[in-house]
Amino acid sequence: MSQPEQGPMSGRIALVTGASGGIGGALALRLAAAGADLALTYSGHRQAAEGVAEQARALGRRAAVLAADLTDPRIATDLVDQVGTRLGPLDILIANAGTGRQLSWDDDALDVATWDSTMAVNLRAPWLLTRAALPGMVSRGFGRVLYVSSIAALNGGIVGPHYAASKAGLHGLMHHLAGRVAGHGVTVNTIAPALITGTGFFPAAPGEMPMPVPVGRLGRTEDVADLAMAMLTNGYLTNKVVTVDGGLYPT
Ligand SMILES: NC(=O)c1ccc[n+]([C@@H]2O[C@H](COP(=O)([O-])OP(=O)(O)OC[C@H]3O[C@@H](n4cnc5c(N)ncnc54)[C@H](OP(=O)(O)O)[C@@H]3O)[C@@H](O)[C@H]2O)c1
């Protein structure tokens, strides 16, 4: 094992939900490279999360892998405590896990159960995690909360109304919370990607563009991780939705 090196997140403890996925895995590794110890959740793909944990340990970090089906509110509520027991007090919460079956607004398959489970994973779980994490962050005078939204929250997107509404809800949640904890060293921000390949959400090959992207290519998980790290290391940035979308959406 290599010796732990100092970095901007040295000694910090981060929880990354959906670390078995493309964006979550890339972000977790970037946090590990910056010095953070990691709690990594998965729902169906344990091996993928274990692979990320192995790479983090090779960098000299501690890494715990936790099963978490975030449709269950008890699991979302308990996760922060689990992190505390396994690693210590949580400094950085990355609410990244997301689900979104592509369904038209007038498709009967978009039933109440699908609506509710999408909301549970994409919006209720980030809320429950944040509610559990914020008191400790506020009392210790440092915290970072980052939600992973989507440009669907801004332009409606292509997945469906359930997905767009769940992601837009994260923006309202962030706006409500950010000002209330800003004076305690805690930032709350949202990153809103689009068309990121190398993910379960968008497994397209790099050449396959479903729509013209101004920068002329699809996004990479590293593009999201780069921006996320800039947001997480900036204590003067809070209450912001920042898009990373190749220029698709004009904000
Ligand atoms: N890729 C894009 O173009 C894009 C664009 C905009 C926004 N996003 C957002 O980026 C985030 C990460 O997605 P990704 O693109 O990296 O896709 P991904 O590779 O499919 O990752 C999705 C992650 O969410 C987890 N997840 C799904 N359902 C869950 C549940 N019921 N409980 C707990 N975890 C669950 C998955 O866990 P398992 O795999 O272990 O089941 C996986 O780790 C999502 O919030 C997504 O909405 C992605």
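Everything below is about the structure shown above.
As a convention, each chain's residues are numbered from 1 in the sequence order in which they are written. Restriction of local features to residues with pLDDT of at least 70 applies here, the model being predicted, together with a cutoff of 80 or more for giving and counting side-chain atom pairs; totals for whole chains, interfaces and linings are based on all residues. Note that the side-chain values use all heavy atoms of the structure and ignore hydrogens as well as water.

1. Thoughts on the packing of aromatic side chains
- Pairing of aromatic side chains requires ring centres within 6.5 Å, counting the rings of Phe and Tyr and the six-membered ring of Trp. Pairs whose planes differ by under 30 degrees are stacked, by over 60 edge-to-face, and all others tilted. Summed over all chains, the structure comprises one aromatic pair.
- Residues Tyr163 and Phe201 carry aromatic rings whose centres are separated by 5.6 Å and whose planes lie at 40° to one another, so their mutual orientation is tilted. In this pair, Tyr163 is assigned in helix α6 (residues 161-181) and Phe201 in the loop between β6 (186-193) and α7 (221-232), connecting sequence segments 38 residues apart.
- When its relative accessible area of 41% is taken as the criterion, Phe201 is described as partly exposed.
- For a Lys NZ or an Arg CZ to count as sitting over a ring, it must be within 6 Å of the ring centre and within 35 degrees of the ring normal. The ring of Phe142 carries Arg12 above its face, with NZ or CZ at 3.5 Å from the centroid. A run of DSSP states H or I qualifies as a helix once it reaches four residues; a run of E qualifies as a strand once it reaches two. Both are numbered from the N-terminal end. When accessible area is computed with a 1.4 Å probe and restricted to protein chains, residues below 20% of their type maximum are described as buried, those above 50% as exposed, and intermediate ones as partly exposed.

2. Quick notes on the environment of Leu218
- Summarising the element assignment, Leu218 is placed in the loop between β6 and α7.
- Residue classification places Leu218 among the buried residues on the basis of a relative accessible area of 4%.
- For Leu218 and Ala205, which are 13 residues apart along the polypeptide, the C-alpha to C-alpha distance reads 8.9 Å.

3. Let's talk about the pattern of salt bridges
- A pair is scored as a salt bridge if a Lys or Arg side-chain nitrogen falls within 4 Å of a carboxyl oxygen belonging to Asp or Glu. The tally for this structure, following the rule as stated, stands at seven salt bridges.
- Ionic pairing is found between Glu50 and Arg46, a salt bridge with its closest N-O pair at 2.8 Å. Of this pair, Glu50 and Arg46 are both found in helix α2 (residues 46-58), four residues apart, which corresponds to roughly one turn of the helix.
- Owing to a relative accessible area of 19%, Glu50 belongs among the buried residues under this scheme.

4. A word on the sheet that holds strand β7 (residues 241-244)
- What makes two strands pair is DSSP finding at least two bridges between them. With respect to topology, seven strands assemble into an open sheet ordered β3-β2-β1-β4-β5-β6-β7, the strand pairing being parallel. A strand with exactly one partner marks an edge of an open sheet, and here the two such strands are β3 (63-67) and β7. With direction set aside, neighbouring strand axes in the sheet form an average angle of 15°.
- Direction of pairing for strand β4 (residues 92-95) relative to strand β5 (residues 143-148): parallel, over a ladder of four bridges. Paired with Ala95 across the two strands is Tyr147, which belongs to β5.
- Only heavy atoms matter for contacts: two residues are in contact if any of them lie within 4.5 Å across the pair. What counts as an axis is a line fitted to C-alpha atoms, over the stretch in contact for a helix, and the angles between N-to-C directions run from 0 to 180 degrees. Each of β1 (13-16), β2 (37-42) and β3 touches helix α3 (residues 73-86); the most contacted strand, β3, lies at about 150° to it.

5. A closer look at the site of the ligand
- Note on terminology: near, applied to a residue and a molecule or strand, indicates that one of the residue's heavy atoms is within 4 Å of it. Of all residues adjacent to the ligand, which total 30 residues, the nearest are Ser20, His45, Asn96, Tyr163 and Ile196.
- Here a polar contact means two N or O atoms within 3.5 Å. Within protein one must be a hydrogen donor candidate and the other an acceptor candidate, and residues neighboring in sequence count only if both atoms are side-chain atoms. Between the ligand and the protein, one listed contact pairs an oxygen atom with a side-chain N or O atom of Ser20 at 2.7 Å.
- In this structure, Gly98 approaches the ligand through a main-chain N or O atom, which is 3.2 Å from an oxygen atom.
- The method behind every accessible area is Shrake-Rupley, applied with a 1.4 Å probe, and residues are considered shielded solely by the protein chains displayed. Relative to its unbound accessible surface of 890 Å², the ligand loses 89% to contact with the protein.
- Most atoms of the ligand, that is more than half of them, are within 2 Å of grid points of the largest pocket.
- For the shell around the ligand, the elements supplying multiple residues, two or more each, are α1 (22-33) and α6. Lining residues are defined by having an atom within 4 Å of a point belonging to a cavity or pocket. Those points lie on a 1 Å grid over the protein atoms alone, cavities being sets where a 1.4 Å probe fits but cannot get out and pockets being open sets with protein on both sides within 12 Å along at least five of seven lines. The rule for placing a molecule in a cavity or pocket is simple: more than half of its atoms must lie within 2 Å of the grid points.

6. Some words on unusual backbone geometry
- Residues other than glycine seldom take positive phi values, yet Leu195 does so here, at roughly 55°.
- With respect to the helices, strands and loops of the structure, Leu195 is situated in the loop between β6 and α7.
- Phi is positive for Asn239, which is not a glycine, with a value near 65°.
- The topology assignment puts Asn239 in the loop between α7 and β7.

7. Notes on a negative patch on the surface
- Judged by side-chain charge, Asp106, Asp107, Asp108, Asp111 and Asp116 come together as a negatively charged surface patch.
- Assignment of secondary structure puts Asp106 in the loop between β4 and α4 (112-140).
- The class of Asp106 is partly exposed, set by a relative accessible area of 49%. Here the term patch refers to residues with relative accessible area over 30% and no salt bridge, with like charges joined within 9 Å and nonpolar side chains (Val, Leu, Ile, Met, Phe, Trp, Tyr) within 5 Å. The positive count covers Lys and Arg only, the negative count covers Asp and Glu only, and His and the chain ends enter neither. Here the site of a charge means NZ on Lys, CZ on Arg, CG on Asp, or CD on Glu.

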